[in-house]
Amino acid sequence: MQSMAIALGKDKIRCNALMPGTIGTSLAAHDMKDPAEMAALEERIPLGRIGDPNDMAGPAIFLACEEMSRYVNATGLLADGGMYSKLQ
């Protein structure tokens, strides 16, 4: 994002990334089939649950909305229920 923001900033193009945690989609279905794996996964997330696809809508709208995020550039918006904080 930083390299893209540097290259495209002159054209007033903002470059940001939405960085989701585990979201309940077909990509994560394998991990969610096993109750033990699901419990271990949820234990690592401070909010205590995996994300729902709808949980990404607000952050995506924020980043896409010029009015709300017009000075946000070259960054990643972590939307993972706090999981990253437990991995540090």
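Residues numbered from 1 in each chain as written. Predicted model: local features only at pLDDT ≥ 70, side-chain atom pairs only at ≥ 80, totals over all residues. Heavy atoms only, no water.

Novice: Provide a residue-level description of the side chain of D80, including the pertinent values.
Specialist: Mapped onto the fold, D80 is located in the loop between β2 (75–79) and α6 (83–87). One buried charged residue, D80, forms no salt bridge at all, with the nearest opposite charge on R44 at 9.9 Å. A distance of 2.7 Å separates a polar atom in the side chain of D80 from the backbone nitrogen of Y84. Excluding its chain neighbours within four sequence positions, the residues that come into contact with D80 are P20, G21 and I45. (Helix = DSSP H or I, 4+ residues; strand = E, 2+ residues; numbered from the N terminus. Buried < 20%, exposed > 50% of the residue type's maximum accessible area, 1.4 Å probe, protein only. Lys, Arg positive; Asp, Glu negative; His and termini not counted. Salt bridge = Lys/Arg side-chain N within 4 Å of Asp/Glu carboxyl O. Polar contact = N/O pair within 3.5 Å; in protein donor to acceptor, adjacent residues only side chain to side chain. Contact = heavy atoms within 4.5 Å.)

Novice: Kindly report on the environment of C65, identifying the contributing residues and their values.
Specialist: Within the element layout of this structure, C65 appears in the loop between α4 (57–64) and α5 (66–69). You can call C65 partly exposed: its relative accessible area is 22%. In sequence terms C65 and K12 are 53 residues apart; their C-alpha atoms lie 14 Å from each other.

Novice: How would you summarise a nonpolar patch on the surface if you had to cite specific residues and measurements?
Specialist: A cluster of nonpolar side chains, namely M19, L78, Y84 and L87, defines an oily patch on the protein surface of about 400 Å² accessible area. Relative to the elements of secondary structure, L78 occurs in strand β2. With relative accessibility at 42%, the residue L78 sits in the partly exposed group. (Patch = residues over 30% accessible without salt bridge, like charges linked within 9 Å, V, L, I, M, F, W, Y side chains within 5 Å. Areas by Shrake-Rupley, 256 points an atom, 1.4 Å probe, with all protein chains shown as cover.)

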